[in-house]
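# Architecture at a glance
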Amino acid sequence: MSCNPYMPVPAILEKVIQETSNIKTFLVRPAKPLVFKAGQFVELTVPGTGEAPFTPSSSPAESEKIELTIMRVGKVTEKLHALKPGAELAVRGPLGQPYPLAKYHGKEILIVGGGVGLAPLRALLFALLEEVDKYKKIIVRYGARTPADIVYRKAVEESWGRKDLDVMITVDKSDADWKGNEGVVTTILGPKKLTCNPGEGVAVVCGPPIMMKFATLEILKLGYAPENIYLSMEKNMSCGIGKCGHCRLGPYYACKDGPVFTYDRVKNLNKIWD
Amino acid sequence: MMYKLDITRLDDFLSAISTGRDVFALEESAGQYHLTRADSWQPGRHTLGAFRQVEPLKTLVFRPREFLGEIGRSRPEAVMPERIVIGVKNCDLSALKIHDHVFLNTEPADPLYREAREKTIIISCDCSAAREVCFCPAVGEQPYPKAGFDINISPTEHGYLVEAGSARGRQLLEKAGKFLAAADDALLKERDRNRRELTRKVCAQAEQNGLACGADLRRAVEKSQGGKIWDDFALDCVECGACNLICCTCHCFLLADGESKNKAFARVKQWDACLYKNFAAVAGGANPRRHRAERLYNRFEKKFSFFPEILGIYACDGCGRCVEACTGKIDIRKVLGRAVHEL
């Protein structure tokens with residue numbers, strides 16, 4: 001039943017990249033091209049085990065293969081991390097609403113990521129860099145627990161030298177080789193580490209709940225308007241199409257109306273950071 | 001067009017309109033009604049029923065467990081037989097507005113639900129009595145259908161009043177025209193009087209059980225968020241999920257993967273319950289509704305705040321099944337009544 005929205009298309013795991021001790025990037029080739037926009041997510045099935053929602057980290061311009069950067073935290077990801085290239089998977093999507101890039105045109109974009117939360121932001125970055133002239137400035141602020149926990153480390157370090165990007169990374173706890181900032185991500189959002197223009201900009205945040213909360217408070221302090229702060233509210237998105245009820249967030253379903261919400265839409269809802 | 005059906009011709013009429021379909025009808029047992037399947041309408045065994053049956057109607061269109069297919073293979077096109085369900089009461093009928101919204105009108109539509117809805121003809125019937133737990137007028141409903149049926153039958157002392165509510169229903173009535181006559185005003189008046197009297201009665205019994213009709217339940221529930229009311233009622237909740245499963249409107253489900261009979265990886269869709277502890281939990285461990293009181297509130301929020309917000313109706317039709325099913329003896333009328341009282 002090809003029209004059954006609950007059933008995935010088969011996919012092959014082509015390549016696995018070890019990013020950190022518990023994060024891997026999985027290069028997946030679906031049987032049919034999967035065209036997504038930055039911010040949309042997919043449900044990835046490990047046959048026999050179940051499916052879980054992930055936002056691709058690869059460029060939305062590429063639909064033959066998608067990359068998914070995934071931390072080992074639960075039942076599905078545990079199985080996934082044990083798989084070798086050639087394994088059969090299945091994928092369903094794209095699901096949810098993308099970042100409204102047309103609204104970002106002409107603006108300064110502040111991207112704030114924490115841990116594996118950089119994955120969806122990477123897809124956004126690819127999309128922004130495709131048409132980099134349309135944006136005033138792109139700023140990236142990223143925090144990881146330790147230098148060993150930085151995802152896409154090579155790419156991230158190379159990007160430090162790029163003229164069209166203002167990138168800064170921090171680690172909660174440094175090691176002997178670390179030359180960058182030490183401290184949580186909010187320590188690189190202050191005026192000394194960040195020159196930005198909140199009145200003309202949008203901020204995009206993705207990371208663990210606690211990081212999202214404090215980064216958002218800091219970004220509000222910088223002067224960004226609540227309607228210009230884009231947050232990834234990743235709840236228990238199961239069916240992905242607003243039917244199964246698991247990811248309800250006040251009057252929304254995270255899967256259908258999100259997973260990206262502007263802060264003004266969710267700020268008065270109960271327990272948004274849990 | 002309203003028709004009159006003679007009391008003695010009910011069985012003939014129902015047999016005629018249900019020919020060639022699987023029949024789901026009510027059977028009485030120990031003062032309750034149960035919805036069972038048969039090959040035809042069976043006089044003596046089947047009844048229109050005075051009030052709603054034990055099993056919610058949703059079991060026919062949103063089944064407890066549905067096979068979705070094998071991963072990587074196309075699902076065998078099992079054809080659902082044409083069905084007719086006879087004796088549906090307004091609470092169950094009205095609940096389909098919620099399921100239609102979720103499974104049909106929110107894109108993409110659910111193909112299993114769509115097929116079941118298209119294949120199922122609904123013959124509804126006014127209630128002629130109420131169970132002690134019924135409280136439909138308190139949630140803006142009434143013990144008789146206004147819309148959503150193919151055919152509705154209103155029993156009166158002087159015959160049945162029959163009306164079609166859809167093109168499909170009109171066709172069926174044409175087919176069974178020989179059993180019908182034009183209804184006269186007196187019969188219509190008798191039906192309306194019956195309806196008013198029963199509505200009044202159900203309203204009074206809701207009030208006796210702590211819930212007055214006409215209260216703003218949305219405002220009461222929204223205002224109660226985080227209040228002691230939920231901690232108090234949560235003391236009695238054992239998280240069994242019976243209220244969710246028996247509810248005529250609850251639509252939440254789980255996609256579960258496993259191995260099929262063919263030894264292939266398969267997926268099923270099965271009812272889930274928001275009272276279960278990990279309903280909203282994510283793999284990383286976060287759970288926005290970690291406490292039972294939060295989950296209990298969530299159930300009411302979904303019914304009395306979420307659906308009014310997105311669809312303009314309560315997702316509760318006052319069937320009272322949850323009152324009868326609750327292991328902890330939590331009575332939705334008392335919960336809502338207290339929320340209204342504390343406004």
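Treat the numbers as computed from the prediction; the structure is a model and nothing was measured.

## Regarding the overall build of chain B
Counting secondary structure elements, chain B contains 12 helices and 11 strands. The C-alpha radius of gyration of chain B comes to 21 Å, within 12% of the 20 Å expected for a compact globule of 343 residues. Across its three principal axes, chain B shows a C-alpha extent of roughly 65 × 55 × 35 Å. Put simply, chain B has 343 residues, and 56% of those count as buried. About 14,700 Å² of surface is accessible on chain B, with carbon and sulfur atoms providing 50% of the total. Side-chain charges in chain B split into 51 positive and 47 negative, and the spacing between the mean points of these groups amounts to 2 Å.

## Notes on the sheet that holds strand E1 (residues 9-18) of chain A
Residue and element names in this part refer to chain A. Spatially, the 6 strands line up as an open sheet ordered E4-E3-E6-E1-E2-E5, and their pairing is antiparallel. Two strands bound the open sheet, and with one partner strand each, they are strand E4 (50-54) and strand E5 (66-71). Within this sheet the neighbouring strands show an average axis-to-axis angle of 40°, counted without direction. Note that E1 and strand E6 (residues 88-95) share 4 bridges and pair antiparallel. The residue of E6 that forms the bridge with Ala 11 is Leu 89.

## Concerning the nonpolar core
Val 112, Val 205, Ile 219 and Leu 231 of chain A are the most contacted members of the largest nonpolar core, which totals 68 residues. Among the elements that make up this core, the one with the highest residue count is helix H3 (residues 90-105) of chain B (5 residues). Discounting chain neighbours no more than four positions away, the residues touching Val 205 of chain A are Val 112, Met 211, Met 212, Ala 215, Ile 219, Ile 229, Tyr 230, Leu 231 and Ser 232 of chain A. By size, the runner-up hydrophobic cluster in this structure holds 35 residues, among which are Trp 230, Cys 237, Phe 279 and Tyr 297 of chain B.

## Section: the side chain of Ser 260 of chain B
All names here are of chain B. In this structure, Ser 260 sits in the loop between strand E10 (253-259) and strand E11 (265-271). By relative accessible area, which is 12% here, Ser 260 ends up buried. At 2.9 Å, the side chain of Ser 260 forms a polar contact with the side chain of Glu 70. For Ser 260, the residues in contact, after removing those within four places along its chain, are Glu 70 and Ala 266.

## Regarding a nonpolar patch on the surface
Residue and element names in this part refer to chain A. A cluster of nonpolar side chains, namely Ile 210, Phe 214 and Leu 217, defines an oily patch on the protein surface of about 290 Å² accessible area. Summarising the element assignment, Ile 210 is placed in helix H5 (residues 209-222). By relative accessible area, which is 58% here, Ile 210 ends up exposed.

## Quick notes on the interface of chain B and chain A
On the side of chain A, 38 residues touch chain B, which itself brings 46 residues to the contact. Of the roughly 3,200 Å² buried between chain B and chain A, counting both surfaces, carbon and sulfur atoms make up 61%. Looking at the side of chain B facing chain A, the largest losses of area belong to Phe 253, Arg 267 and Phe 306 of chain B, adding up to 16% of the total buried there. The closest approach of N and O atoms between Arg 267 of chain B and Glu 51 of chain A, which form a salt bridge, is 3.1 Å. Connecting chain B to chain A are 17 residue pairs in polar contact (both at pLDDT 80 or more).

## Regarding the packing of H3 of chain B against helix H10 (residues 292-311) of chain B
All names here are of chain B. Relative orientation of the contacting elements H3 and H10 amounts to 65°, with a least axis distance of 12 Å. With respect to their mutual orientation, H3 and H10 come out roughly perpendicular. Crossing of H3 against H10: the hand is left-handed. Across the interface between the two elements, Lys 97, Ile 98, His 101 and Val 102 of H3 pack against Phe 307, Ile 310 and Leu 311 of H10. When grouped by side-chain class, the residues that make up the contact of H3 with H10 number 5 nonpolar, 1 polar and 1 charged.

## Concerning the packing of aromatic side chains
Counting across every chain of the model gives 16 aromatic pairs over all chains. Their ring planes at 80° and their centres at 5.5 Å tell us that Tyr 6 of chain A and Phe 253 of chain B sit as a pair that is edge-to-face. You can see Tyr 6 of chain A sitting in the segment before E1 and its partner Phe 253 of chain B sitting in strand E10, one on each of two chains. Residue class for Phe 253 of chain B comes out buried when judged on its relative accessible area of 0%. Geometrically, the ring pair formed by Tyr 263 of chain A and Trp 273 of chain A is stacked, given 6.5 Å between the ring centres and 20° between the ring planes. Note that Tyr 263 of chain A is positioned in helix H7 (residues 263-266) and Trp 273 of chain A in the segment after H7, a separation of 10 residues in sequence. For the residue pair Tyr 263 of chain A and Trp 273 of chain A, the accessibility class agrees, reading buried in each case.

## Some details on the pattern of salt bridges
Residues and elements named next belong to chain B. Inspection of every chain in the model, using the stated rule, returns 43 salt bridges over all chains. A salt bridge links Lys 119 to Glu 115, with the shortest nitrogen-to-oxygen separation between them at 3.4 Å. One end of the pair, Lys 119, and the other, Glu 115, are both in helix H4 (residues 111-119), 4 residues apart, so they sit about a helical turn from each other. With respect to burial, Lys 119 and Glu 115 carry one shared label: buried.

## Observations concerning the pairing of strand E5 (residues 83-88) of chain B
Residues and elements named next belong to chain B. Here E5 lies mainly inside the structure; 6 of its 6 residues are buried. Pairing geometry for E5 and strand E6 (residues 120-125), over 5 bridges, is parallel. Pairing of Val 88 across the sheet is with Ser 124, part of E6.

Definitions and limits used
- Residues numbered from 1 in each chain as written.
- Chains lettered and ligands numbered in written order.
- Predicted model: local features only at pLDDT ≥ 70, side-chain atom pairs only at ≥ 80, totals over all residues.
- Heavy atoms only, no water.
- Helix = DSSP H or I, 4+ residues; strand = E, 2+ residues; numbered from the N terminus.
- Rg over C-alpha atoms; globule rule 2.2 N^0.38 Å.
- Buried < 20%, exposed > 50% of the residue type's maximum accessible area, 1.4 Å probe, protein only.
- Areas by Shrake-Rupley, 256 points an atom, 1.4 Å probe, with all protein chains shown as cover.
- Lys, Arg positive; Asp, Glu negative; His and termini not counted.
- Charge placed at Lys NZ, Arg CZ, Asp CG, Glu CD.
- Pairing = 2+ DSSP bridges.
- Axes fitted to C-alpha atoms, helices over the stretch in contact; angles between N-to-C directions.
- Core = buried A, V, L, I, M, F, W, Y, C linked by side-chain atoms within 4.5 Å.
- Contact = heavy atoms within 4.5 Å.
- Polar contact = N/O pair within 3.5 Å; in protein donor to acceptor, adjacent residues only side chain to side chain.
- Patch = residues over 30% accessible without salt bridge, like charges linked within 9 Å, V, L, I, M, F, W, Y side chains within 5 Å.
- Salt bridge = Lys/Arg side-chain N within 4 Å of Asp/Glu carboxyl O.
- Buried area = accessible area lost by both parts, 1.4 Å probe.
- Parallel < 35°, antiparallel > 145°, perpendicular 65-115°, else oblique.
- Left-handed = near helix turned anticlockwise from the far one by under 90°.
- Nonpolar A, V, L, I, M, F, W, Y, C, P; charged D, E, K, R; others polar.
- Phe/Tyr/Trp six-rings, centres within 6.5 Å; stacked < 30°, edge-to-face > 60°.

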